[in-house]
Amino acid sequence: ELEMLAQMDHELNAQLDLDQALEITHRWIARQSKADKVQIVFAEEGNLEGQVVMYPPGNTGYKDASVQRAISELSVVHLEPAGDLPARLVIPIIHSQRLLGVVLIERARYFEEAETGFLSHMVERSAAAIQNARLYQSVERMSEAKTQFV
């Protein structure tokens, strides 16, 4: 597991592009969780009521009760599979005590406690790279605006 985290960290720290950070996070979590669905909902200002960035684009379902609970409690929410509904894990993306978004993971089988802990740790490690990419993107936009103004 440490080697896997080191590889993920290496990929995340090798770039400052927000879309790339989200793609790398998505790929590693999907691979580790063996999930049917992994979705990242990233909010520009940490407010999932406003404009959000979905990765992969076009997915929906981030406004249900499990997501709202993860956001309000800033904690992992785990739902067991029930009938036709898959098991669901909702992990908040938190950096410096600020909510950046959530990762939703769904699959047919139950999430073991050790898996939940490791996936949470992966999201935690990704949060810094996502925030760094977000800040870099913001600086780039300000620089471009300044250049256009002058």
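Up top is the structure these notes are about.
Residues numbered from 1 in each chain as written. Predicted model: local features only at pLDDT ≥ 70, side-chain atom pairs only at ≥ 80, totals over all residues. Heavy atoms only, no water.

Trainee: What is the right way to read helix α4 (residues 113-149) from this model?
Mentor: What sets the pattern is the α-helix's 3.6 residues per turn: residues three or four places apart point alike. A rise of 1.5 Å per residue sets the reference length of α4, with its 37 residues, at 54 Å; its end C-alpha atoms lie 53 Å apart and thus fit the reference within 8%. The largest bend in α4 amounts to roughly 25° and is located at Ser126. (Helix = DSSP H or I, 4+ residues; strand = E, 2+ residues; numbered from the N terminus. Expected span 1.5 Å × (residues − 1). Bend = angle between axes of the 7 residues up to and from the residue.)

Trainee: How do you make sense of the side chain of Glu106 when you look at a structure like this?
Mentor: Its place among the elements puts Glu106 in strand β5 (residues 98-107). For Glu106, a relative accessible area of 15% gives the class buried. Here Glu106 is in contact with Ala35, Asp36, Lys37, Pro86, Ala87 and Arg88, once residues within four sequence places are set aside. (Buried < 20%, exposed > 50% of the residue type's maximum accessible area, 1.4 Å probe, protein only. Contact = heavy atoms within 4.5 Å.)

Trainee: Mind showing me how you'd approach the packing of helix α1 (residues 2-13) against helix α2 (residues 18-33) here?
Mentor: The relative placement of two packed helices comes down to the angle between their axes together with the axis-to-axis distance. Between α1 and α2, the least distance of the axes is 10 Å, while the angle of their chain directions is 165°. Relative to α2, the element α1 lies roughly antiparallel. Note on packing geometry: the crossing formed by α1 with α2 is right-handed. Packed against α1, whose contacting residues are Met4, Gln7, Met8, Glu11 and Leu12, the element α2 presents Ala21, Ile24, Thr25, Arg27, Trp28 and Gln32 at the interface. For the contact of α1 with α2, the class distribution of residues is six nonpolar, three polar and two charged. (Axes fitted to C-alpha atoms, helices over the stretch in contact; angles between N-to-C directions. Parallel < 35°, antiparallel > 145°, perpendicular 65-115°, else oblique. Left-handed = near helix turned anticlockwise from the far one by under 90°. Nonpolar A, V, L, I, M, F, W, Y, C, P; charged D, E, K, R; others polar.)

Trainee: Explain the environment of Tyr136 to me, please; I cannot follow it from the model alone.
Mentor: Here Tyr136 shows up in helix α4. When its relative accessible area of 38% is taken as the criterion, Tyr136 is described as partly exposed. Sequence separation between Tyr136 and Leu16 is 120 residues, and the spatial gap between their C-alpha atoms is 6.6 Å.

Trainee: Teacher, can you tell me more about the nonpolar core here?
Mentor: Nonpolar side chains tend to gather and get buried jointly when the protein is soluble and globular. Formed by 28 residues in total, the largest nonpolar core has its most connected members in Ile29, Ile93, Val103, Ile105, Leu119, Met122 and Ile130. Looking at this core, the elements with two or more residues in it are α1, α2, β1 (37-43), β4 (87-95), β5 and α4. Element by element, the count of residues in this core is highest for α4, at eight residues. Residue contacts for Leu119: discarding those within four places in its chain leaves Ile29, Gln32, Ser33, Leu89, Ile91, Ile105 and Phe111. In this structure, Met54, Ala70, Val77 and Leu104 belong to the second largest nonpolar core, which totals ten residues. (Core = buried A, V, L, I, M, F, W, Y, C linked by side-chain atoms within 4.5 Å.)

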